[in-house]
Amino acid sequence: MIKTAIVGASGYTGIELIKILLNHPHFQLKGLFGSEGGDRIENIYPALKGVFESEIEKLDIEKLKSFDLVFLAVPHKTAMAIVKKIYGYTKIVDFSADYRLNQKNYEEYYCSHINPENLENAAYGLPEIFREYIKKVSLVANPGCYPTATILGLYPFLDYIEKDVFVDAKSGVSGAGKGLKSTTHFVKDNENFFAYNPVKHRHSIEIAEKTGLNVTFVPQLLPITRGMQISIYAKLKKDIDPMEVLNEVYKNEEFIRVRNNPVEIKNVAGTHFCDIFAMKNKNMLFINSVIDNLLRGASSQAVANANLLFDLPENTALPKIAYVP
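Because the structure is a prediction, the values reported are computed rather than measured.

What counts, and where the lines are drawn
- Residues numbered from 1 in each chain as written.
- Predicted model: local features only at pLDDT ≥ 70, side-chain atom pairs only at ≥ 80, totals over all residues.
- Heavy atoms only, no water.
- 1 Å grid on protein atoms, 1.4 Å probe; cavity = no way out; pocket = protein on both sides within 12 Å on 5 of 7 lines; lining within 4 Å.
- Points joined across faces, edges and corners; volume = space filled by probe spheres on them.
- Nonpolar A, V, L, I, M, F, W, Y, C, P; charged D, E, K, R; others polar.
- Helix = DSSP H or I, 4+ residues; strand = E, 2+ residues; numbered from the N terminus.
- Buried < 20%, exposed > 50% of the residue type's maximum accessible area, 1.4 Å probe, protein only.
- Pairing = 2+ DSSP bridges.
- Axes fitted to C-alpha atoms, helices over the stretch in contact; angles between N-to-C directions.
- Parallel < 35°, antiparallel > 145°, perpendicular 65-115°, else oblique.
- Left-handed = near helix turned anticlockwise from the far one by under 90°.
- Contact = heavy atoms within 4.5 Å.

*Asks:* How would you sum up the layout of surface pockets? Please name residues and give values.
*Replies:* Put simply, the second largest pocket is a space of about 220 Å³. Broken down by class, the residue content of the lining of the second largest pocket amounts to five nonpolar, seven polar and two charged.

See the structure below:
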């Protein structure tokens with residue numbers, strides 16, 4: 001068995017990761033860690049009572065070094081401080097943005113990087129595109145949720161579209177995390193719908209860096225718990241059949257489902273799937289994709305990456321059954 005730890009288990013992505021790992025035949029969850037410790041996971045999430053009960057220990061770098069695999073479900077800056085100390089001792093999947101970008105872009109959108117020497121050692125954890133590289137490293141930068149859904153939608157069309165694209169992105173409230181914010185109160189979000197941080201959102205540079213496109217990115221908050229839908233608008237450089245392109249590029253990908261109609265969040269909520277649809281109007285291309293932001297956009301993708309790190313079947317323990325109804 002592969003001895004596994006989670007740092008940051010009390011967050012939404014942490015609990016999703018626990019649920020997946022409890023059904024994993026090779027990853028044995030043997031340690032939960034937090035910045036303070038002193039609590040138990042079943043107290044934070046009572047649904048785990050009698051299913052999985054464990055103390056959340058205070059972060060201990062020396063203990064982390066003894067694990068075969070460490071998931072870092074912590075914010076940016078916190079993650080790189082840990083990676084700097086444990087890299088080379090264990091394999092790491094980092095949920096934060098700390099190793100997703102080059103140093104220039106990272107420092108422009110986030111903060112000074114204290115571990116730039118490891119930027120070139122990290123693989124960007126989007127398996128459909130970087131699968132073979134992920135298998136060769138010991139540090140994976142798990143992509144953001146918006147970039148995951150957007151890049152998977154754009155990837156088949158990069159040779160066919162002009163550089164300027166518009167991304168209309170909508171996410172459920174869980175994407176904002178557990179921390180209380182003025183924009184995530186029930187009375188603010190219920191029966192409401194609004195854009196936040198348009199054009200300047202940090203995920204815009206992640207999409208731009210990985211695709212080489214000029215991206216106008218507008219995120220919006222849906223009054224739902226989980227899931228996200230991406231609508232991409234681009235100008236075609238030449239005439240194509242969008243569905244033919246999608247089907248050809250993703251014909252061997254188990255977790256990309258090419259749909260014949262515009263996609264729906266409900267069909268992917270609770271799963272690792274990304275559903276994609278595309279159509280054109282003369283020289284304009286419309287791409288439509290959906291994922292579960294907490295799973296394909298975070299925790300299940302982290303497990304897929306960890307499976308690749310240990311040369312296991314990529315689909316091991318990944319959820320396939322949607323929360324329907």
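Anyway, onward from the coordinates.
*Asks:* I'd like to hear about unusual backbone geometry, residue by residue, with values.
*Replies:* The omega torsion across Val 324 and Pro 325 is 0°, close enough to zero to call that bond cis. In this structure, Pro 325 sits in the segment after helix H11 (299-309). If you check the backbone angles, Val 199 has positive phi at about 70° while not being a glycine. When you line up the elements, Val 199 lands in the loop between strand E10 (194-195) and helix H9 (203-211). When its relative accessible area of 49% is taken as the criterion, Val 199 is described as partly exposed.

*Asks:* If you had to explain the pairing of strand E15 (residues 284-291) to someone new, which residues and values would you point to?
*Replies:* Burial within E15 is extensive, with seven of its eight residues counted as buried. Pairing of strand E12 (residues 228-236) with E15, which is carried by eight bridges, proceeds in the antiparallel orientation. Directly across from Met 228, in E15, lies its bridge partner Ile 291. In the sheet, strand E14 (residues 274-281) pairs with E15 via seven bridges, with the strands oriented antiparallel. Bridged to Asn 281 within E15 is Met 284. Counted between consecutive antiparallel strands, the loop separating E14 from E15 contains two residues, among which Lys 282 sits at a positive phi close to 60°.

*Asks:* Help me get a handle on the packing of helix H6 (residues 127-134) against H11, residues and values and all.
*Replies:* With their axes 9 Å apart at the nearest point, H6 and H11 run at an angle of 30° to one another. It follows from the interaxial angle that H6 and H11 lie roughly parallel. Taken as a pair, H6 and H11 cross one another with a handedness that is right-handed. Residues Pro 127, Arg 131 and Ile 134 of H6 touch H11, and the partners they reach there are Gln 301, Ala 304, Asn 305, Leu 308 and Leu 309. Split into classes, the residues belonging to the contact of H6 with H11 amount to five nonpolar, two polar and one charged.

*Asks:* Help me get a handle on the sheet that holds E14, residues and values and all.
*Replies:* Here we have seven strands laid out as an open sheet, ordered E10-E11-E9-E12-E15-E14-E13, and mixed in their pairing. The sheet is open, and its two edges are formed by E10 and strand E13 (256-258), each paired on a single side.

So yeah, pure geometry; function would need other evidence.
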